[in-house]
Amino acid sequence: TFMKEKPIIPLVISMSLPMAASMLVNSLYNIVDSYFVAKISDKAMTALSLVYPVQNLITAIAVGFSVGVSAAIAFYLGAGKQDKADQAASDAILYNTLHGILLVIGCLLFMPAFLRFFTEDEAVAYGLSYSRIAFSFAVVITVGIAYEKIFQAVGRMKVSMISMMAGFITNIILDPVLIFGLGPFPKMGMEGAAVATGIGQVITLLVYLAFYYASPIPVKVQLKSWRPDRETAKRLYGVGIPATLNMALPSLLISALNTILSGFSEAYVLVLGVYYKLQTFLYLPANGIIQGIRPLIGYNYGAREEKRVKQIYSF
């Protein structure tokens with residue numbers, strides 16, 4: 001009930017700052033990842049720039065649907081409908097698992113033709129070696145994001161921050177180790193970058209699961225008693241599909257720009273990819289604030305606290 005009782009300004013700040021901090025680390029990870037890949041070769045960096053919009057698309061689908069989940073859970077808790085909140089949380093894990101499986105199959109089948117649309121040189125081989133491994137973790141990504149939004153929906157922002165940062169930091173550490181073969185580890189090159197990314201995503205999911213079982217939250221994931229619910233699914237996808245499309249459009253934009261630029265020089269594609277990674281320094285911390293206020297608005301809207309909804313939005 002702190003979401004409808006705590007004063008607005010400290011409430012919004014306490015919810016938003018942890019997410020803004022974790023998003024800042026995420027943007028740093030994007031840049032560090034590109035830095036080490038660029039050390040392999042320009043072709044490797046070009047390949048990463050071509051694969052990047054597809055990676056963004058996977059994240060957009062998972063996050064977009066999970067935004068619907070987060071909004072629904074917060075709304076149902078605010079309205080005092082515990083069974084509906086539990087149903088939404090359970091649906092989140094099941095549906096995002098199915099989304100992840102479909103994304104693995106679709107991306108692995110689609111990537112060879114997608115990369116060859118832009119180039120026929122060495123960048124294709126780099127892109128395929130990276131994407132085959134990175135996209136194999138799509139289920140881990142989608143389920144991890146589902147748990148992220150579940151924890152955010154109940155106001156456990158610090159858990160979300162810790163879990164996300166654990167994955168990002170793991171990735172940052174493993175990148176040079178696996179790419180260049182430091183210590184006892186073999187030199188894996190582009191595949192090492194993909195493995196580092198995948199391990200980081202696994203760590204994030206494991207931390208979420210550890211918190212879920214060690215420190216109970218107000219909603220329960222109960223897949224064993226899962227049953228399709230039309231009303232819940234309509235609410236999840238009603239918010240999730242527009243959010244997914246909104247987040248997926250930048251990926252289409254980048255791919256369209258890559259198509260144009262590749263006709264001039266692959267160096268242009270590389271530069272555009274670097275620019276979008278740098279742009280995350282502006283975008284992601286702001287997105288952290290949005291993630292912080294989303295459950296507050298959902299909860300208070302469900303509790304019919306319309307005045308607080310307007311105050312949160314205005315602040």
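Placed above this text is the structure.
Below, the structure is looked at part by part. Within any chain, residue numbers begin from 1 and follow the written order of that chain's sequence. Given that the model is predicted, a residue must reach a pLDDT of at least 70 before its local features are reported, and side-chain atom pairs must reach 80 or more before they are shown or counted; all residues, however, enter totals for whole chains, interfaces and linings. Calculated side-chain values reflect all of the structure's heavy atoms, with hydrogen atoms and water omitted.

We now examine the pattern of salt bridges. One side-chain nitrogen of Lys or Arg within 4 Å of one carboxyl oxygen of Asp or Glu is enough to make a salt bridge. Going through the model one piece at a time under the given rule, you end up with two salt bridges. The partner of glutamate 231 in a salt bridge is lysine 84, and the shortest N-O contact between them spans 3.3 Å. Of this pair, glutamate 231 sits in helix H9 (residues 230-262) while lysine 84 sits in helix H4 (residues 82-116), and the two are 147 residues apart along the sequence. Here lysine 149 ties to glutamate 148 by a salt bridge, and the two come within 3.1 Å at their closest N and O atoms. For the pair lysine 149 and glutamate 148, a shared accessibility class is recorded, and that class is buried. Note on conventions: DSSP H or I runs of at least 4 residues are helices, E runs of at least 2 residues are strands, and numbering of each starts at the N terminus. Throughout, exposure labels follow a simple rule: accessible area from a 1.4 Å probe, protein chains only, divided by the maximum for the residue type, with under 20% read as buried, over 50% as exposed, and the rest as partly exposed.

The next thing to look at is unusual backbone geometry. Phi is positive for arginine 304, close to 65°, though the residue is something other than glycine. Positionally, arginine 304 belongs in the loop between helix H10 (266-302) and helix H11 (306-314).

Further remarks concern the environment of methionine 190. Along the chain, methionine 190 turns up in helix H8 (residues 190-214). Given the relative accessible area of 4%, methionine 190 is considered buried. Methionine 190 sits 149 residues away from serine 41 along the chain, and the two C-alpha atoms are 9.9 Å apart. What methionine 190 contacts, discounting residues up to four positions off in sequence, is Val37, Ile40, Ala44, Ala47, Leu48, Tyr126, Ser129 and Tyr130. Residue contacts are counted whenever heavy atoms from the two residues lie within 4.5 Å of one another.

Moving on, we get to empty space enclosed by the protein. Using only the protein atoms, space was sampled on a 1 Å grid; points where a 1.4 Å probe fits but cannot get out form cavities, open sets with protein on both sides within 12 Å along at least five of seven lines form pockets, and lining residues are those with an atom within 4 Å of a point. Grid points are joined across faces, edges and corners, and a volume is the space filled by probe spheres set on the points. Scanning the model with the defined rule gives one cavity of 30 Å³ or more in all. Within this model, the largest cavity holds a volume of roughly 30 Å³. Around the largest cavity, the lining residues are Thr46, Leu50, Phe118, Thr119, Ser262, Glu266 and Val269. Contributing elements (two or more residues each) for the lining of the largest cavity: helix H3 (42-78) and H10.

For the rest of this paragraph, the subject is the environment of glutamate 5. Assignment of secondary structure puts glutamate 5 in helix H1 (residues 2-5). In the structure, glutamate 5 is positioned 295 residues away from asparagine 300 in sequence and 9.8 Å away in space, judged by C-alpha atoms.

Every patch collects residues that have over 30% relative accessible area and no salt bridge, joining them within 9 Å if they carry like charges and within 5 Å if they are nonpolar side chains (Val, Leu, Ile, Met, Phe, Trp, Tyr). Accessibility throughout is a Shrake-Rupley quantity obtained with a 1.4 Å probe, and a residue counts as covered only by protein chains that appear here. The grouping of Ile9, Ile13, Leu17 and Phe315 at the surface amounts to a nonpolar patch, some 400 Å² of accessible area in total. For leucine 17, the position within the fold is in helix H2 (residues 8-40). The class for leucine 17 is exposed, based on a relative accessible area of 55%.

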